Amino acid sequence: MDLFEYMRTTTMEKDSPLAARMRPRTLEEVVGQEHIIGKDKLLYRAIKADKISSVIFYGPPGTGKTTLAKVIANTTSAEFTQINATVAGKKDMEEVVAKAKDLQGMYGKRTILFIDEIHRFNKGQQDYLLPFVEDGTLILIGATTENPYFEVNSALISRSIIFELKPIPRESIRELLRKAVYDTERGMGAYQAVIEEDALDFLADISGGDARHALNAIELGVMTTQRGADGLIHITIDVAQECIQKRAVRYDKNGDNHYDTISAFIKSMRGSDPDAAVYYLARMLYAGESVTFIARRIMICASEDVGNADPNALVVAVNASLAVERVGMPEAQIILAQAVTYVASAPKSNAACNAVFQAMTEVEQTGNLPIPTHLQDAHYKGAAKLGHGTGYKYAHDYPNHYVEQQYLPYELNGKEFYCPTGNGYEVKIKEHMRRIRKEAGQSGNQYESVE
């Protein structure tokens, strides 16, 4: 490090935001997350022994993902390199890999690569890392606010240990804020501020487990509040409320903690409560959630929870998704409200959803069972000579456009996956299937009774 770099680093440490200055430097300073860094836990032992393997830290903003990476950087003997997926490209990764290979070859030194917001890397960028993580050239530490099982390459997931960070407990946030106000080395102690107990309670509660959010509020309060007659800066409940502005800001659209709200939203639609569903829709819209994200969840619910009880629910949901992309806010909220209330009010059935899950389980257990010969394709070269397609009955040549023949593999003869309910349109489906099978002289248990 040259003189200019040293001065830049020193200046940044002095002038950096309070949340950055208060960042823990050792495992002992980390608050919360005892479920993964308690003294008897795997991650604690791995960091202390400097035997860290590839890991992905997953959790809401402000819970310590970057902090844990920095602690590892402070304790490891390996080369530690950090990049941010929002700005890094393939060239940056190639430089890291080249340096890692040199260090490994010349000195036998490991390289830890910390990628913040790893979910921002596209599939190609994530694929590029895979061979180097696999052969040990790189030890990967990824940090993400999004569910890694959805956003990170499954191959990288299989080579990493996932650690989920939880929102920091209220009492831990409270003690952290107290330290931030009075600490003269890294906190705001030099400003001679005092914080009232009710203000501490309020900020600890409203932060929603996000330490960074709470520390930013403290810093803003200290820096903008006039001194009292006693020469001190008083952080009162009024000052704290002013710094936070809106109590509803606990919902973070860019992190993972929005899943509590989206979960309540989906469960309200599934539970046929349009009032609750539209309320949670309003909360998400108020917080600035993406209308396309909301529309995707409505489409999933329309298929998973309404299904064939009202096939039109999926039509409404898909068209709403297309409409909000074209219209945008604020009018998109009207379109979403129509789709939400329709899906919430529709009759419900998860029979189609259960059918595919049961079929997937059957495939997993029995593998690729032979397809009946008469269903096999007879058009490709030599297939007809092998008897493929022989004996197939064309359904449209028979009454009701239905004919009894073996469709499932013979080993699964009589197996039933789709069992229509007695709700909504599935009553008609059930009656239709019962009638055509009865007229063909065939029975099917799942269609025998129409409720």
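**Concerning the overall build of the protein**
So, point 1. Across its full length, the protein holds 20 helices and seven strands.
So, point 2. Residues counted as buried form 44% of the 451 residues belonging to the protein.
So, point 3. Sequence-distant contacts in the protein: of pairs separated by 6 or more residues, those separated by 24 or more amount to 72%.

**Here's the deal with the side chain of aspartate 310**
So, point 1. By secondary structure assignment, the location of aspartate 310 is in the loop between α16 (291–306) and α17 (312–327).
So, point 2. For the buried aspartate 310, no salt bridge exists, and the shortest N-O distance to an oppositely charged side chain is 8.5 Å, to lysine 348.
So, point 3. If we skip the residues at most four places from it in the chain, aspartate 310 touches Tyr342, Ala346 and Pro347.

**Observations concerning α17**
So, point 1. Compared with an ideal rise of 1.5 Å per residue, which puts 16 residues at 22 Å, α17 spans 22 Å between its outermost C-alpha atoms and is within 8% of the ideal.
So, point 2. Taken together, the buried positions of α17 are Ala313, Val316, Ala317, Ala320, Ser321 and Val324. The arc that holds every buried residue of α17, seen down its axis, measures 140°, which confines them to one face. Away from its buried face, by an angle of more than 90 degrees, α17 presents the exposed residues Glu325 and Arg326.
So, point 3. Just past α17, the residue glycine 328 takes up positive phi, approximately 75°.

**Side note on the nonpolar core**
So, point 1. Membership of the largest hydrophobic core comes to 30 residues, with the highest contact counts inside it found for Leu177, Ile195, Leu203, Leu215 and Ile218.
So, point 2. Secondary-structure elements contributing two or more residues to this core are α2 (18–21), α10 (170–182), β6 (193–195), α11 (197–206), α12 (211–224), β7 (233–235) and α13 (237–244).
So, point 3. In terms of nonpolar packing, the next biggest core, distinct from the first, is built from 28 residues, Val291, Phe293, Ile294 and Ala317 among them.

**Here we look at the confidence of the model for the protein**
So, point 1. Per-residue confidence for the protein averages 85 on the pLDDT scale, and 90% of its residues sit at or above 70.
So, point 2. Per-element confidence in the protein ranges from a low mean pLDDT of 49 for helix α1 (residues 3–15) to a high of 95 for helix α18 (residues 332–345).
So, point 3. Within the model, pLDDT remains below 50 along residues 3–12, and this stretch shows two contacts once partners closer than five positions in the same chain are excluded.

**A few points about the packing of α16 against α18**
So, point 1. Here α16 crosses α18 at 15°, and the two axes come no closer than 10 Å. With respect to α18, the axis of α16 lies roughly parallel. Considering how the two elements wind past one another, α16 and α18 form a crossing that is left-handed. Residues Val291, Ile294, Ala295, Ile298, Cys301, Ala302 and Val306 of α16 touch α18, and the partners they reach there are Ala332, Leu336, Ala339, Val340 and Val343.
So, point 2. For the contact of α16 with α18, the class distribution of residues is 12 nonpolar, no polar and no charged.

**Remarks on the sheet that holds strand β5 (residues 161–164)**
So, point 1. The strand order β2-β3-β4-β1-β5 describes an open sheet built from five strands, whose pairing is parallel. Lying at the two open borders of the sheet, with one neighbouring strand each, are β2 (79–84) and β5. Between one strand axis and the next, the sheet turns by 15° as a mean value, whatever way the strands run.
So, point 2. Relative to strand β3 (residues 111–116), β2 is paired through six bridges, and the arrangement is parallel. Paired with threonine 81 across the strands is leucine 113, a residue of β3.
So, point 3. Against the sheet, helix α6 (residues 90–107) touches β2 and β3, its axis set at about 175° to β2.

**So, unusual backbone geometry**
So, point 1. Cis geometry marks the peptide bond from methionine 329 to proline 330, where omega comes out at 10°.
So, point 2. Position of proline 330 among the secondary structure elements: in the loop between α17 and α18.
So, point 3. Positive phi, close to 55°, is recorded for glutamine 192, a residue that is not glycine.
So, point 4. Following the sequence through the fold, glutamine 192 ends up in the loop between α10 and β6.

**With respect to the packing of aromatic side chains**
So, point 1. Evaluated as defined, the whole model comprises four aromatic pairs.
So, point 2. With a centroid separation of 5.1 Å and an interplanar angle of 65°, the aromatic rings of tyrosine 279 and tyrosine 280 are classed as edge-to-face.
So, point 3. Look at tyrosine 280 and you get partly exposed, because its relative accessible area is 21%.

**Describing α11**
So, point 1. Within α11, burial applies to Ala199, Leu200, Phe202, Leu203, Ala204 and Ile206.
So, point 2. The elements touched by buried residues of α11 are α10, β6, α12, β7 and α13.
So, point 3. Within two residues after α11, glycine 208 carries a phi angle of roughly 65°, on the positive side.

**A short note on a negative patch on the surface**
So, point 1. On the surface, Glu196, Asp198, Asp238 and Glu242 cluster together into a negatively charged patch.
So, point 2. As for its placement among the helices and strands, aspartate 238 is situated in helix α13.
So, point 3. By relative accessible area, which is 55% here, aspartate 238 ends up exposed.

**Focus: the packing of α6 against helix α7 (residues 123–134)**
So, point 1. One way to put it is that α6 packs onto α7 with a least axis distance of 11 Å and a crossing angle of 5°. The pairing of α6 with α7 is recorded here as roughly parallel in orientation. Residue-level contacts link Lys90, Met93, Glu94, Val97 and Lys101 of α6 to Gln125, Tyr128, Leu129 and Phe132 of α7.

**Some remarks on the environment of glycine 187**
So, point 1. Tracing the backbone through its elements, the reader meets glycine 187 in the loop between α10 and β6.
So, point 2. For the pair formed by glycine 187 and leucine 177, sequence separation is 10 residues and the distance between their alpha carbons is 9.3 Å.
So, point 3. Apart from the residues within four sequence positions on either side, glycine 187 is in contact with Leu18, Arg21, Met22 and Ala180.

**A word on the environment of glutamine 406**
So, point 1. Relative to the elements of secondary structure, glutamine 406 occurs in the loop between α19 (351–366) and α20 (426–439).
So, point 2. Judged by its relative accessible area of 15%, glutamine 406 falls in the buried class.
So, point 3. In sequence terms glutamine 406 and leucine 375 are 31 residues apart; their C-alpha atoms lie 8.7 Å from each other.
So, point 4. The residues touching glutamine 406, leaving out its near neighbours within four places in the chain, are Pro372, His374, Leu375 and Asn413.

Cut-offs applied
Residues numbered from 1 in each chain as written. Predicted model: local features only at pLDDT ≥ 70, side-chain atom pairs only at ≥ 80, totals over all residues. Heavy atoms only, no water. Helix = DSSP H or I, 4+ residues; strand = E, 2+ residues; numbered from the N terminus. Buried < 20%, exposed > 50% of the residue type's maximum accessible area, 1.4 Å probe, protein only. Contact = heavy atoms within 4.5 Å. Lys, Arg positive; Asp, Glu negative; His and termini not counted. Salt bridge = Lys/Arg side-chain N within 4 Å of Asp/Glu carboxyl O. Expected span 1.5 Å × (residues − 1). Arc of directions from axis to C-beta. Core = buried A, V, L, I, M, F, W, Y, C linked by side-chain atoms within 4.5 Å. pLDDT = per-residue confidence, 0-100. Axes fitted to C-alpha atoms, helices over the stretch in contact; angles between N-to-C directions. Parallel < 35°, antiparallel > 145°, perpendicular 65-115°, else oblique. Left-handed = near helix turned anticlockwise from the far one by under 90°. Nonpolar A, V, L, I, M, F, W, Y, C, P; charged D, E, K, R; others polar. Pairing = 2+ DSSP bridges. Phe/Tyr/Trp six-rings, centres within 6.5 Å; stacked < 30°, edge-to-face > 60°. Patch = residues over 30% accessible without salt bridge, like charges linked within 9 Å, V, L, I, M, F, W, Y side chains within 5 Å. Areas by Shrake-Rupley, 256 points an atom, 1.4 Å probe, with all protein chains shown as cover. Charge placed at Lys NZ, Arg CZ, Asp CG, Glu CD.

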